[in-house]
Amino acid sequence: MTKEAIIKEFEAIAGADNVMTGETDRHAYSYDAAVLDSVMPALVVRPTTSEALGAVTKLCNDNGLPLTVRGAGTNLSGGTIPHPGGVVVLTNGLNRILEINEADMYAVVEPGVVTAQFAAEVAKRGLFYPPDPGSQAVSTLGGNVAENAGGLRGLKYGVTKDYVMGMEFWDVNGELIKSGSRTVKCVTGYNLAGLMVASEGTLGVFDKIILKLIPPAKAAKSMMAVFPSMKAASETVASIIANKIVPATLEMMDNFTIRTVENFRGAGLPVDAAALLLIEVDGHPGQVADEAAVVERICKENGATELHVAKDAAERDAVWQARRDALPALANLKPTCVLEDATVPRSKIPAMIEALEEIAKKLDLTIGTFGHAGDGNLHPTILTDKRDKAEWERVEKGIDMIFDKALSMGGTLSGEHGIGLAKSKYLAQETSKGTLAYARRMKSVLDPKGILNPDKIVGAE
Amino acid sequence: MADIHKLAQMFKELDDQLVGCMRCGMCQAVCPIFKLSGKETDVTRGKLALLDGLASEMLTDPEGVNEKLNRCLLCGTCQANCPSGVSVMDIFLKARAIMTGYFGLSPAKKAIFRGLLKNPKLFNALTEMGAKFQGIFTKKVDDMLGSSCARFNAPIIADRHFNTLASKPFHKIVPELDTPAGASGLRVAFYVGCVIDKIYPQVGEAILKVLKHHGVGVYLPAGQACCGIPVLSSGDTDTFDTLVGMNVDRLKDGEFDYLVTGCASCTSTIKELWPHMYKGDSSRTYDIGVLARKTMDISQFLVDILKVEPKELAGGKSVTYHDPCHLKNSLGITAQPRTLIKAAGCDFKEMTDAGTCCGCGGSFNIAHYELSKEIGSRKADNIIASKASVAATSCPACMLQITDMLSQKGADMSVKHVIELYADSL
Ligand SMILES: Cc1cc2nc3c(=O)[nH]c(=O)nc-3n(C[C@H](O)[C@H](O)[C@H](O)COP(=O)(O)OP(=O)(O)OC[C@H]3O[C@@H](n4cnc5c(N)ncnc54)[C@H](O)[C@@H]3O)c2cc1C
Ligand code: SF4
Ligand code: SF4
Ligand code: SF4
């Protein structure tokens, strides 16, 4: 088919208004939140019905057009940077919450529903959807599932995959594939819904997602503890867990981040502190009181120099505002901000922090570190200016070194941001050559023409 | 047309500011235009990427970029919420100036800006004439709101329900003033602004009444010109410089402690854009800085300086408040107007999303009326849902837009400036 004929077909499926071919429109879908070069697609299409989504997928396959699904484009690994000459399929026209079932505690959504809006609708009905990525105000549930996004509550409540009960997705032939169900238990067939989690648009195009909901905790208590060293802070983390307490949130900030956040908002953070822990326990009021007391004791035993327990909602919010400010505050310092998410077993956090400091010194880089201490998911954030060629080379080297270190400690390349384009080159290093070959083989069968988000995760062959 | 390479060079000047955007996409959560269209070119991140694309000569269609750039209310919500602290408004205004330099100003804008705004006498004379004859072209729709709509099918008016030009503009009622400080010991300069002058003179009168009540002396020089925001948002920096110059020359000789306005847009323009964007005669720079520091929104002046306090017993008419973008996003003023409403003895009712843009955006309303209307219509729904009987705000341009929207919905409410409510209570 000629280009014009293909465009006509897309228009017939999705409506002329929903097919964009102009240069400016295409340019606006050539990037995402990752620090990578942009690539212009040939066409952008915005289906508004499930059938149109399937038909668009099939049309791409029939014509061998590379297809990249895009939610909000907030991923940090290049997952929505299109393949040259490819098609970007937007999901923000598919943003209906189809069902929130209070009796059976699940919801059925279209992939373009915005995470925070969904969580708010669920909360209105007295239920709780825990995954809360920092980008939740804009990220989509489809994107969350495709990246297996996590958030501040990952430690106790798990990540997106723990809430996916089932899914319908389109395969490249335009067949609707169904897996999982509305029941808590379901072992019908392969766990294809599970396979779709973290697949980053490379195996199928999600159409409907069934998500588990839970009852919200009745009470919560937040506190901020100040430590004289990162070591003391991370030993506290280990000790809290060893005492069989799983806080809802357990976040850490290094001195550089503390100082930057304080400069940013001036909320009165202790700028001399080597480390801060931000902790929240939740559950029944009695349990919360007990656990908070134990956490307090453990913090003191491990040398916390200050401990501040939030007395009311406003103080509690102030604690979390400090954590929410970490990324913006760092991002304000320099033009480019590379947010990594190397993750290590909890016990290795002190060693990882030390390694990050060494890397920063050795390569003369500015690295601020904060992150989800409770689950070992750190966010070393490299501050730079990508226009400075020499420094940028050192940044790339630094990233290599960070992953080498994390892997050598039994860690992983990505705790929550995905592999995408940015980290596909390291995949075999964490897994094995055989694993990569297996994954590629699987993909080549499910997607023989290789149209589904080419180059992502398994790389270009 | 000048060559695109040259245009790219000009956009390169914005490079240092453009790289500050980390493309996190968080602006998608707050941009009113994106909320409607869902298009990346309509949100800040996309627009910045387009400018970057022009600067790096990746794009060949400056007209296309210009068109997207203009689909923006300049409401500043994105900037107020950007985690990276990108100076979005500054970038957008500079980009519009570069674009206007490249494409030139449209003949209609040229005529209005350079022929009319630069010449306040002519502007006044023409609008006065307009006020006399407008009855022929318009018909009353809503007495309560005082709105009218086009009697004939005039494309620029479409189906708007607008407030007509006042039969006697403010500058005819009070041409100039120079009164000594009273009980307060303070003197303020009063900058009127064109919408108050020509459409809502009663707001200007309310301000004078309140100042008199509190014993504040007033310096009101004749011959004030437009503050310049309309021309600046169309990229006409030359006319902007002229207008700022005219105003500064009128104001600088007075002796006063503060400069007050009743227009959110004028306040933020004088405070932030005059010092920042003025490139004219540098001998004025000092006075511009002084004026900018002295400038205050009228409710801010009353509450922060004169310590006006809320009344204990409310029970008066129920009032809701819309936060004008230019007060909330650029100056962070949200509490004082609410305090003033309570000081007027009104029963205050907060509406949902009081801080989202009303969709006016100055000339945006003219160029993109359908979008503007859709955003405004949501605002009107929230106002109606508040069950208040009065919709108050602090910007005459918002008053126009809200009046239009409420009138089109047949809402049984009036639209007032907060200062009118307070003046009525004295
Ligand atoms: C400021 C900021 C904070 C962040 N905080 C966190 C955090 O705390 N935790 C975290 O995990 N991540 C975080 N992220 C990363 C990112 O927001 C998440 O990965 C998020 O899940 C992406 O959602 P999205 O809708 O933007 O997806 P997109 O970026 O649009 O897409 C992500 C991937 O999903 C695929 N995809 C999207 N929709 C579909 C579909 N319907 N079918 C198949 N594939 C699909 C895309 O092809 C792509 O590969 C953050 C990002 C930013 C910018
Ligand atoms: S929120 Fe700020 S940094 Fe993020 S994409 Fe928008 S403009 Fe850029
Ligand atoms: S100024 Fe307002 S309309 Fe323009 S991009 Fe920012 S939020 Fe959107
Ligand atoms: S902001 Fe608007 S009303 Fe105020 S002076 Fe300028 S143009 Fe006139």
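As annotated in an unreviewed UniProt entry, chain B is Glycolate oxidase iron-sulfur subunit from Pseudodesulfovibrio methanolicus. Regarding chain B, the relevant UniProt record gives this comment under Function (unreviewed entry): "Component of a complex that catalyzes the oxidation of glycolate to glyoxylate."

By the naming in an unreviewed UniProt entry, chain A goes by FAD-linked oxidase C-terminal domain-containing protein and is assigned to Pseudodesulfovibrio methanolicus.

> Please give an account of the site of ligand 4 that cites residues and values.
Close to ligand 4 lie Tyr 191, Gly 193, Cys 194, Val 195, Cys 226, Cys 227, Ile 229, Pro 230, Cys 263, Ser 265 and Cys 266 of chain B. When the residues that make up the shell around ligand 4 are grouped by side-chain class, the tally is nine nonpolar, two polar and no charged.

> Explain the packing of helix α1 (residues 4-12) of chain B against helix α7 (residues 88-103) of chain B to me, using residue names and the numbers behind them.
The angle between the axes and the distance between the axes are what describe a pair of packed helices. Residues and elements named next belong to chain B. Following both chains from N to C, one finds α1 and α7 inclined at 160°, their axes separated by 10 Å at the closest point. The pairing of α1 with α7 is recorded here as roughly antiparallel in orientation. Our pair here, α1 against α7, has a crossing hand that is right-handed. On α7, the residues that touch Ile 4, Leu 7, Met 10 and Phe 11 of α1 are Ala 95, Ile 98, Met 99 and Tyr 102. For the contact of α1 with α7, the per-class residue count stands at eight nonpolar, no polar and no charged.

> Provide a residue-level description of the site of ligand 2, including the pertinent values.
Within the structure, ligand 2 sits among Cys 21, Met 22, Arg 23, Cys 24, Gly 25, Cys 27, Arg 45, Leu 48, Cys 82, Pro 83 and Ser 84 of chain B. Taken together, the residues of the shell around ligand 2 sort by class into seven nonpolar, two polar and two charged.

> How would you sum up the packing of aromatic side chains? Please name residues and give values.
Taken as a whole and assessed by the stated rule, the structure comprises nine aromatic pairs over all chains. When the ring of Phe 118 of chain A is compared with that of Tyr 129 of chain A, the centres are 5.1 Å apart and the planes differ by 70°; the resulting orientation is edge-to-face. Of the two residues, Phe 118 of chain A sits in helix α4 (residues 115-124) while Tyr 129 of chain A sits in the loop between α4 and α5 (141-147), which places them 11 residues apart along the sequence. The class for Tyr 129 of chain A is buried, based on a relative accessible area of 2%. Here the aromatic rings of Tyr 191 of chain B and Trp 274 of chain B are separated by 6.5 Å at their centres, their planes lie at 80°, and the arrangement is edge-to-face. Here the residue Tyr 191 of chain B occupies a position in strand β5 (residues 186-191), and Trp 274 of chain B occupies one in helix α15 (residues 264-277), the gap between them amounting to 83 residues. Neither Tyr 191 of chain B nor Trp 274 of chain B differs from the other in exposure class; each is buried. An aromatic cluster of three or more residues is present, and its members are Phe 118, Tyr 129 and Tyr 163 of chain A. If you follow Arg 23 of chain B out to its NZ or CZ, it ends over the ring of Tyr 31 of chain A, 4.6 Å from the centre. Over the face of the ring belonging to Phe 256 of chain B we find Lys 294 of chain B, whose NZ or CZ atom lies 4.8 Å from the ring centre.

Criteria and thresholds
Residues numbered from 1 in each chain as written. Chains lettered and ligands numbered in written order. Predicted model: local features only at pLDDT ≥ 70, side-chain atom pairs only at ≥ 80, totals over all residues. Heavy atoms only, no water. UniProt positions renumbered as here; feature names shortened; annotations may be inferred. Near = heavy atom within 4 Å. Nonpolar A, V, L, I, M, F, W, Y, C, P; charged D, E, K, R; others polar. Axes fitted to C-alpha atoms, helices over the stretch in contact; angles between N-to-C directions. Helix = DSSP H or I, 4+ residues; strand = E, 2+ residues; numbered from the N terminus. Parallel < 35°, antiparallel > 145°, perpendicular 65-115°, else oblique. Left-handed = near helix turned anticlockwise from the far one by under 90°. Contact = heavy atoms within 4.5 Å. Phe/Tyr/Trp six-rings, centres within 6.5 Å; stacked < 30°, edge-to-face > 60°. Buried < 20%, exposed > 50% of the residue type's maximum accessible area, 1.4 Å probe, protein only. Lys NZ or Arg CZ within 6 Å of the ring centre and 35° of its normal.

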